[in-house]
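Spelled out from the first residue to the last, the chains are:
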Amino acid sequence: MNETRIHALPLHLANQIAAGEVVERPASVLKELVENSIDADASQIDIVIEGAGSQLIKVTDNGSGIHPEDLALALSRHATSKLHSSEQLSVIGSLGFRGEALPSIASVTRLSLTSKQAEQDCAWQVRSDQLQPEPAAHPDGTTVSVAELFFNLPARRRFLRSNKTELHHLITTFYRLALSRFDIGFSARFDEQTSIKLPALKSADAYSQRLVKICGQAFVRDANYLEQSFEDIHLSGWVSKASAHRAQTDVQYFFINDRVIKDRVINHAIRQAYGDLLPSGRQAAYVLYLTMPLDRVDVNVHPTKHEVRFRDARLIHGLINKAIQEALQETEVGNSRQTELTLPENIHINEQASTYQAETTTIEKSASLKNKMKVRADWSAASILHNRFIVVHAPEPALIDLQQADKRIRQQQFKQAIHNNTVSSRPILVPVRFPLSVSDINKFQNFKTRLSSYGIEFEVDDTSLTIKRIPFLLSQVALPDLVSRLAAILDDKSSDSDALITDELIRLIPDNPIHNLEQAKPIIEQVLSNSIEKTQCYRKLDPSLLTGLFSSS
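Residues numbered from 1 in each chain as written. Predicted model: local features only at pLDDT ≥ 70, side-chain atom pairs only at ≥ 80, totals over all residues. Heavy atoms only, no water.

1. A closer look at the overall build of the protein chain
Here is step 1 of the chain: Across its full length, the protein chain holds 19 helices and 21 strands.
Here is step 2 of the chain: Here the protein chain, with 553 residues, has 48% of them falling under the buried criterion.
Here is step 3 of the chain: Restricting to contacts in the protein chain with at least 6 residues of sequence separation, those with at least 24 account for 69%.
Here is step 4 of the chain: Accessible area for the protein chain stands at about 28200 Å²; split by element, carbon and sulfur atoms hold 49% of it. (Helix = DSSP H or I, 4+ residues; strand = E, 2+ residues; numbered from the N terminus. Buried < 20%, exposed > 50% of the residue type's maximum accessible area, 1.4 Å probe, protein only. Contact = heavy atoms within 4.5 Å. Areas by Shrake-Rupley, 256 points an atom, 1.4 Å probe, with all protein chains shown as cover.)

Shown next as structure tokens:
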């Protein structure tokens, strides 16, 4: 009879029930502990995993630490340093705030918490079975050691998957957390087999180092950078080209205010942006960051905090959709496989040079010549010498310098685009900052609108210039060369500055090696159709020329 009466649950049982929401598997524990370290302003986080997380999960950071008197309180339910009033619920900026993670984890594991603040003489430690703080040796920061997951709930332990599966979830969670904050250094050792070190990256120029290690070289090679803003909402990151679709969702990362998010609105917006460009069953790859005011998104809708609720879901959907569509369209406009990522020096990726099509009028004028060439030219017998030269036999035997011809085509395209004010540009993966003198900064500032018409966009402050966008046709130009050459010619007093800028940019277009016949064919077609000045790239192979080459002196 007494069993039917209402009664308060014992504290340990309430904590174990709460653990069912927070602690789904070892990866859930890792996520909660690392997020606490991030909230503690750690700049280095070190992780040790044993037994696929069921034996040990240990997270050490160099953050602000916990006051000795608060250690025992940290293991009690609904205790937190991150909320003080109900008004703060609408502007949650920290990753953890519920005060449930540590007590829930402690209720189903053997947990020890050791921490030292900078002003303390020594560290202090509490354990899940001993809440009285004891002195301990530890540097500034905190270590949480979680052993024997579900030791007191064998039924829950039996629901864990194989070590291989749990290890996969742990590594995936680690990657998500590492991508959320490039400025924090991470290291992790998984079962003494896999060791990962990711140094803190203070400069945005080096972000590709972490992207390569986590997302792979293929993603780095095929990713386009995007940036889109509306009011105080900002989206940035990298999306793969449609042609680089994948079989799995293993490279899909989305962050809102540095929080890892899985959301149906976001997933639908991304999938819709790719539309029919993705074959059925194939997946896009992306690493995207959305920053927005805290009061426009509610993160307090799920115990794991993976799901959110937007105040303006339709606006967010449209912003993401538009940004990705524009990034994909820029790939088509550029008609190039230029990588948008600055790769680490020890990684080499071969890029294909751009291909070019003649203008419609030129094609119409030279249609008969092209048809004649296609009939008479024996492409199977042709070969490219030194990634540069090729001999053609129609309409006459000739030697073509493909590299020079290709460069002249691109120079002509660029000059025509400048004339028509139709220059296509692309964003820099990570905006690059160059220190400049005050006089040079003033020059760039005075020419900012004019340079924008050339596809060059930048920002300046008191001491430096930051490049944001450059023309597609200058994708391979070294940015320091671009800045220094422009700084040398920009002058308010020049009456013909537009011509100077145009000529200088055209001269910066680099040579491209030509690796195969598919790249060579459209170049040859434009040379033979007389659509470019070919004095420096075309030589007729007549008897007098050949005799001169082989005659004895």
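Now that the structure has been shown, the text picks up again.
2. Regarding the sheet that holds strand β4 (residues 123-127)
Here is step 1 of the chain: One open sheet holds the eight strands; their spatial order is β5-β4-β3-β6-β2-β1-β7-β8, and the pairing between them is mixed. Since the sheet does not close on itself, it has two edges, and those belong to β5 (130-136) and β8 (194-198), each with one partner. Shown here is a sheet whose adjacent strand axes are inclined to one another by a mean of 10 degrees, direction ignored.
Here is step 2 of the chain: Examined bridge by bridge, strand β3 (residues 110-116) and β4 share four bridges and lie antiparallel to one another. Paired with Ser112 across the two strands is Arg127, which belongs to β4.
Here is step 3 of the chain: Of the strands in this sheet, β1 (44-50), β7 (185-190) and β8 are in contact with helix α6 (residues 163-180), which crosses β7 at around 175 degrees.
Here is step 4 of the chain: Here helix α7 (residues 207-215) sits on the sheet and contacts β7 and β8; the angle it forms with β8, its principal contact strand, is near 160 degrees. (Pairing = 2+ DSSP bridges. Axes fitted to C-alpha atoms, helices over the stretch in contact; angles between N-to-C directions.)

3. Concerning the nonpolar core
Here is step 1 of the chain: Among the nonpolar cores identified, the biggest contains 62 residues, and Phe174, Leu179 and Val287 are the most heavily contacted of them.
Here is step 2 of the chain: The element that contributes the greatest number of residues to this core is α6, accounting for eight residues.
Here is step 3 of the chain: Once you skip the residues sitting within four places of it in the chain, Leu179 turns out to touch Arg210, Leu211, Ile214, Cys215, Tyr253, Phe255, Val287 and Tyr289.
Here is step 4 of the chain: Listed in part, the 32 residues of the second largest apolar core include Phe434, Ile470, Leu486 and Ile506. (Core = buried A, V, L, I, M, F, W, Y, C linked by side-chain atoms within 4.5 Å.)

4. Points about the sheet that holds strand β21 (residues 538-540)
Here is step 1 of the chain: If you walk across this open sheet you meet the three strands as β16-β17-β21, and the pairing is antiparallel. The strands lining the two open edges of the sheet, one partner per strand, are β16 (389-392) and β21. Looking at each pair of strands side by side, their axes are set apart by 20 degrees on average, direction ignored.
Here is step 2 of the chain: Here β16 runs beside strand β17 (residues 398-401); their pairing, made up of four bridges, is antiparallel. What sits directly across from Val391, in β17, is Leu399.

5. Here's the deal with unusual backbone geometry
Here is step 1 of the chain: Phi angles above zero are rare outside glycine, and Asp41 is one such case at about 65 degrees.
Here is step 2 of the chain: Within the fold, Asp41 resides in the loop between α2 (26-39) and β1.
Here is step 3 of the chain: When its relative accessible area of 66% is taken as the criterion, Asp41 is described as exposed.
Here is step 4 of the chain: Notably, Asp258 is not glycine yet its phi reads approximately 70 degrees, a positive angle.
Here is step 5 of the chain: Residue position: Asp258 is located in the loop between β11 (252-256) and β12 (259-260).

Structural measurements only, silent on function.
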